[in-house]
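Given next are the chains, with one letter for each unit.
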Amino acid sequence: MHCALGFGAGSIRLDVKRVGEYAMVEIETGKVKGVQRRDGLAFFGVPYAATQRFMAPRSAPSWTGVRDASALGPRCPQTIENIVELPTFSWYGQEGPFDENCCVLNVFTAGLDRSARRPVIVYLHGGGWASGGGGGPALDGGRLASVGDVVVVTLNHRLNVFGYTPLGPLGDERFADAGHLGQLDILAALHWVRSNIESFGGDPACVTVMGQSGGGNKMMALLAMPAASGLFHRAINLSGVSGLHLSSPEEMHPFVHEFLHRLDVGASDLARLSSVPADRLQRARQEAMVAVRSDGGQPVVDGRHILASPFSAQGLALQKSVPLLIGSTDTESTLFLCRDPRNLGIDEAELLARIQAEFAMDHGQAVALAAAYREQDDTRAPAAVLVQLTSDLLARTHLIRAAEAKAGAGGAPVYFYNFCWKVQGDGGRWGSPHTADIPFVFGTLDCARTLTEPEHAAAQALSHRMMSTVAAFARTGDPNHEGLPQWVPYDAMRRPTMVLDRSCRVVDDYRATGRVASAPLAAWPATRLLRRPLFRGVN
């Protein structure tokens, strides 16, 4: 596989080196013609469902003849993700058209022998509940499929206003599913996997759902959906936080009513939404988010699709038999802090002022909190304290709580990790930021050299270990393999954490002082911090 990269959105293309003409597979809906590559076989843009605006997905239509599956399919309409405007993250970009009928998936496999029964990894992309897609060079699953001897499935589904606008509580039964359409699309994809993946050499009885950031959120929501039971058997959450606790329908009311107000649509006239142009729906969503200071629509505990928040007692019971691998990058917050260079140049007075303003602390309490973080060897400068404190409050502390709850509930084990590869470019300011683990997991670092130079060989070695970890977990529910030190399940006594770095190691209670100091301060929703003094300053 060769990836040609440029800096900026729309400048990334994937040029696959083909070694054969095509590969043919027959699935329930017809024949598909994929691509024979050096790393195996790839099938792109395969429909797994059909959609109608604000309605539950329907079965994908059948076709006659042979359907070409050599190009990515459409993504859900969305606003452009500005992360790709940062040169260090230009690899994150994707191509392809936008279309509301976006339920397509991609399959990567080493071969089509039905008797191979390879573990299946279904990957849910990041971008919150609002953006992203399952294509692009960084999410090409060929290398992971080859190294791990697994089948990799990536997919697109409905997002933002088209996938997560909770209209159900307004009383019109026709729109009862509108707040969970993205989740229902994912369920449809998992049903497609169950029915068709054997034709690609996969085992429908050994399916892992893996998601990063927003994909991790969607995966956690799946764990709380009884309809997903039995469709997957293991779960991997890479930095997904917002899905750990799901809102009630009442908490979404201000956003929904403001959204409808912007469109001049009443609760008794929801059918008019079907004729509103897509771009107008998206503008109304953005305007409503600003007006009510909301992150927009997301799944809610509605008693219809989701019975409980994932880490409530009822939610934990629903996922009791599913092993979980969960963790974060070491400096999650730098992806957001570094967009304003002033954040990394703060002095002690500014650090303490932000802490005082954020938590209503007096000067002495702020000094004590900063001192607790400075007990960690690599956290001395004011900016370093800010980075670790915000990374804990934005992600790690919440993920630790989830691991504690899962471990305490008994049943299948949970394994905890921390990704610590430090990006050397831009003067090292990024540390180990949110999203940086994606090309390591997929083995697509040749498309993301901005993360790895001048230590690309060392990064490739870590990537190989991480791919082997994901594959081992998908195969058995245990991430251990010969390339790692012994990794035991998480518990609240030892708190064993696999530190994924140039040299991987297990550390009991990794960054313990930060964990203890941040625990009483970690509030929900975590994303609200992005609009508050720790990130924005006090002036």
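Whatever comes next refers back to the structure up there.
None of these values were measured; they are calculated from a predicted model.

Draft legend 1. Structural detail: the overall build of the protein chain. Regarding its fold elements, the protein chain presents 15 helices and 17 strands. By the compact-globule yardstick of 24 Å for 539 residues, the protein chain fits well, its C-alpha radius of gyration being 22 Å. The burial tally for the protein chain puts 60% of its 539 residues in the buried class. Taking the intrachain contacts of the protein chain between residues at least 6 apart in sequence as the baseline, contacts between residues at least 24 apart amount to 74%. Split by element, the accessible area of the protein chain, about 19600 Å² in all, is 51% carbon and sulfur. Each charge class in the protein chain can be summarised by its mean position, and for the 51 positive and 53 negative side chains these summaries are 2 Å apart.

Draft legend 2. Examining the pattern of salt bridges more closely. A complete count under the given rule lists 31 salt bridges for this structure. Of the charged contacts, one joins Arg342 and Asp340 as a salt bridge, the two residues approaching to 2.9 Å between their closest N and O atoms. A relative accessible area of 64% places Arg342 in the exposed class. On the basis of relative accessibility, which here comes to 25%, the residue Asp340 falls in the partly exposed class. Each of Arg114, Arg117, Glu198 and Asp203 takes part in salt bridges that share partners, so that together they form one network.

Draft legend 3. A look at the nonpolar core. Judged by nonpolar contacts, the single largest core of 64 residues is most densely connected at Phe43, Trp192, Leu222 and Phe232. If one sorts the elements of this core by residue count, helix H3 (residues 181-196) sits on top with nine residues. Look past the residues within four positions of Phe43 in its chain and what remains in contact with it is Ala23, Val25, Val32, Lys33, Gly34, Ala69, Leu105, Asn106, Val107, Leu112 and Phe200. With 50 residues, the next largest nonpolar core counts Tyr123, Leu139, Val423 and Ala448 among its residues.

Draft legend 4. Focus on the side chain of Gln319. Counting through the fold element by element, Gln319 comes out in the loop between helix H7 (313-318) and strand E14 (324-329). The contact partners of Gln319, leaving out residues within four places of it in the chain, are Leu223, Pro310, Phe311 and Lys406.

Draft legend 5. Broad picture of the pairing of strand E5 (residues 40-47). Extensive coverage of E5 is indicated by the burial of eight of its eight residues. Here five bridges tie E5 to strand E9 (residues 104-109), and the two strands are oriented antiparallel to one another. Note on E9: the bridge partner recorded for Ala42 is Phe108.

Draft legend 6. Region of interest: helix H9 (residues 348-359). Between its first and last C-alpha atoms H9 spans 17 Å; for 12 residues at 1.5 Å apiece the expected length is 16 Å, and the two agree. Within H9, the full set of buried residues consists of Glu350, Leu351, Leu352, Arg354, Ile355, Glu358 and Phe359. Where H9 is buried, its residues touch helix H10 (363-373), helix H11 (382-408) and helix H15 (533-536). Between a side-chain oxygen at the N-terminus of H9 and the backbone nitrogen of Ala349 the separation is 3.3 Å; the capping residue is Asp347. Remark: Ala360 follows H9 within two positions and exhibits a positive phi of approximately 55°.

Draft legend 7. Layout of helix H5 (residues 249-263). The end-to-end C-alpha distance of H5 is 21 Å, a good match for the 21 Å that 15 residues give at a rise of 1.5 Å each. Along its length, H5 shows its largest kink, about 25°, at Phe255. Here H5 has its buried residues at Pro249, Met252, Phe255, Val256, Glu258, Phe259, Leu260 and Leu263. As for H5, its buried residues are in contact with helix H2 (160-163) and helix H6 (278-292). Asp264 lies just past H5 and shows a positive phi near 55°.

About the criteria used
- Residues numbered from 1 in each chain as written.
- Predicted model: local features only at pLDDT ≥ 70, side-chain atom pairs only at ≥ 80, totals over all residues.
- Heavy atoms only, no water.
- Helix = DSSP H or I, 4+ residues; strand = E, 2+ residues; numbered from the N terminus.
- Rg over C-alpha atoms; globule rule 2.2 N^0.38 Å.
- Buried < 20%, exposed > 50% of the residue type's maximum accessible area, 1.4 Å probe, protein only.
- Contact = heavy atoms within 4.5 Å.
- Areas by Shrake-Rupley, 256 points an atom, 1.4 Å probe, with all protein chains shown as cover.
- Lys, Arg positive; Asp, Glu negative; His and termini not counted.
- Charge placed at Lys NZ, Arg CZ, Asp CG, Glu CD.
- Salt bridge = Lys/Arg side-chain N within 4 Å of Asp/Glu carboxyl O.
- Core = buried A, V, L, I, M, F, W, Y, C linked by side-chain atoms within 4.5 Å.
- Pairing = 2+ DSSP bridges.
- Expected span 1.5 Å × (residues − 1).
- Polar contact = N/O pair within 3.5 Å; in protein donor to acceptor, adjacent residues only side chain to side chain.
- Bend = angle between axes of the 7 residues up to and from the residue.

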